[in-house]
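# Understanding the architecture of this molecule
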Amino acid sequence: MKLGIIGDLHYSATSPRVGHLLEVLDWVIDDGKHLGVTEWALAGDICEGAPIGNEYGPLVKRITRLGRVFIALGNHCVHDALDWWNHLNGSVHVASRSFIHDPCGETSILVIPYPRRGHAPFDNLKADTIPESMRAAAERIGQTIKAALECSREIDEARPVIGIGHFTIQGMTTRDTAFELHHATEVIVPQTALAGLAFMAVGHIHTAQWLCPSCGTWNHDGVESCRCGAHHLTARVVGVGDLIRNDFAEINDPKSYTVVTVENGQLSWERRQVPAREMATLHIEWTNPSVHLAEIEAFAATCGGKEVKVTVEIPADRLATYDPVLFAPISARAAYFAPIDRRVISIDRVRAPELKTAEGIGDELIAWLNASNQQIEDERRQRLVALAEAL
């Protein structure tokens, strides 16, 4: 049995990346068929919110191409967006308002939706406070895993159980990006809750990573061996990451989908690199157009087929010289040119330079009196300085 696991898609018909996403998804489907993948799982956030009407069409067309597929509800999509998928063709199974445990075939598949407190299957938790409900939701996931393991052992003592979910596991690393800014009230599942699973794959965090089974350290995709020496293919708990680069913070992230193979009771897995678009960034500290034209044209020559983001810092007194038309060569070559991040830098104007060197409020007062040519008797000047320093 070969199981293909795809991470966050964030499908939206209005996204500037939707065409690229569908191209990569087509590539994954074809690659999986070439490898002999027989079952698929999508680890949450397959869409943004709830697409409207025929906006579903391109995504549904590809999901039904997968054949037998399991889908976990993510935090970016709503229940109503996925509930009806269970009625597509009998081969699509969505865990949105309940857990799914499918013990059929050579392995058992357990699908766990994003834990939304108060919503099925995380309703009726015995908790009076938010922290208590977070712990209770994590405990329910642990109890569900334990029940699935017991059920599978009743069928076949050696039957492996593979978990698919959309949540954060204790110790996973996140970044300050648009898709990884999560609430402090998010449910964190302890690593101990996953004990007994043959393999656990989660979406949600866009950085693909793996948990070292020897020392419990999380390592990013691309790190072949943990600092303790354990090889990444010995891992049995992984974060699959997203399928394409959805944020410029992911510029250096390798993108992939995961294939799990179970043969004669032995489990192995691999990441399959996907043709996700490259990204490039340019930072300019603006002086004048003639200075930057050559730099922009040279950068544009490297932008073919890439997503590009430009940040321009402009001193306020040079704002009139700024002309976004200069970036047209980049727009013409880039696969996607993000809106320019224009930042206006305020200019400090010092009307009395003498004040900048003053060390205290008394010194500042004396400097101001001198700079403004105030004719004040020494005795009165001393009283004013003493009063200012006493304030």
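Anyway, here's the lowdown on the structure attached to this text. (Residues numbered from 1 in each chain as written. Predicted model: local features only at pLDDT ≥ 70, side-chain atom pairs only at ≥ 80, totals over all residues. Heavy atoms only, no water.)

### Looking at the layout of surface pockets
By volume, the largest pocket is sized at about 160 Å³. Looking at the largest pocket, the residues that line it are Gln191, Leu194, Ala195, Leu197, Phe199, Met200, Leu211, Cys212, Pro213, Arg236 and Val237. In the lining of the largest pocket, the residues fall into nine nonpolar, one polar and one charged. (1 Å grid on protein atoms, 1.4 Å probe; cavity = no way out; pocket = protein on both sides within 12 Å on 5 of 7 lines; lining within 4 Å. Points joined across faces, edges and corners; volume = space filled by probe spheres on them. Nonpolar A, V, L, I, M, F, W, Y, C, P; charged D, E, K, R; others polar.)

### Quick word on the sheet that holds strand β14 (residues 256–263)
Spatial strand order, β4-β3-β2-β1-β14-β15: six strands in an open sheet with mixed pairing. Across the chains shown, the open sheet's two edge strands, defined by having one partner strand only, are β4 (92–95) and β15 (266–273). Between one strand axis and the next, the sheet turns by 20 degrees as a mean value, whatever way the strands run. Pairing analysis gives four bridges linking strand β3 (residues 68–72) to β4, with the strands arranged parallel. In the strand pairing of β4, phenylalanine 70 is matched with histidine 93. Helix α1 (residues 18–35) rests against β1 (2–6), β2 (39–42), β14 and β15 of the sheet, and its axis sits at about 20 degrees to β14. Here helix α2 (residues 57–66) sits on the sheet in contact with β2, β3 and β4, set at roughly 125 degrees to β3. (Pairing = 2+ DSSP bridges. Helix = DSSP H or I, 4+ residues; strand = E, 2+ residues; numbered from the N terminus. Axes fitted to C-alpha atoms, helices over the stretch in contact; angles between N-to-C directions. Contact = heavy atoms within 4.5 Å.)

### Some words on the pairing of β14
With respect to burial, β14 is a largely interior element, seven of its eight residues being buried. With four bridges connecting them, β1 and β14 associate as antiparallel partners. Note on β14: the bridge partner recorded for isoleucine 5 is threonine 258. Linking two consecutive strands that pair antiparallel, namely β14 and β15, is a turn of two residues; a positive phi of about 55 degrees is found at asparagine 264 within it. (Buried < 20%, exposed > 50% of the residue type's maximum accessible area, 1.4 Å probe, protein only.)

### Focus: the pattern of salt bridges
Here the idea is simple: oppositely charged side chains can pair when their charged atoms come close. Under the defined criterion, the tally for this structure stands at 18 salt bridges. Across the pair aspartate 31 and arginine 272 runs a salt bridge, and its minimum N-O distance is 2.9 Å. One end of the pair, aspartate 31, is in helix α1; the other, arginine 272, is in strand β15, with 241 residues separating them in the sequence. Note on aspartate 31: relative accessible area 10%, which makes it buried. Its relative accessible area of 22% is what places arginine 272 among the partly exposed residues. Linking aspartate 341 and arginine 343 is a salt bridge whose minimum nitrogen-to-oxygen distance equals 2.8 Å. Taking relative accessible area as the criterion, arginine 343 reaches 39% and is therefore assigned partly exposed. Residues joined by salt bridges that share partners form a network here, namely Asp26, Asp30, Arg62 and Arg65. (Salt bridge = Lys/Arg side-chain N within 4 Å of Asp/Glu carboxyl O.)

### Looking at the pairing of strand β10 (residues 199–202)
Along β10, one buried face is formed by Phe199 and Ala201 and the opposite face, lined by Met200 and Val202, is buried too. Relative to β10, strand β7 (residues 161–165) runs parallel, the two sharing four bridges. From the neighbouring strand, isoleucine 162 faces β10, where its bridge partner is phenylalanine 199. Sheet analysis places β10 next to strand β13 (residues 237–239), joined by three bridges and oriented parallel. Paired with methionine 200 across the strands is valine 237, a residue of β13.

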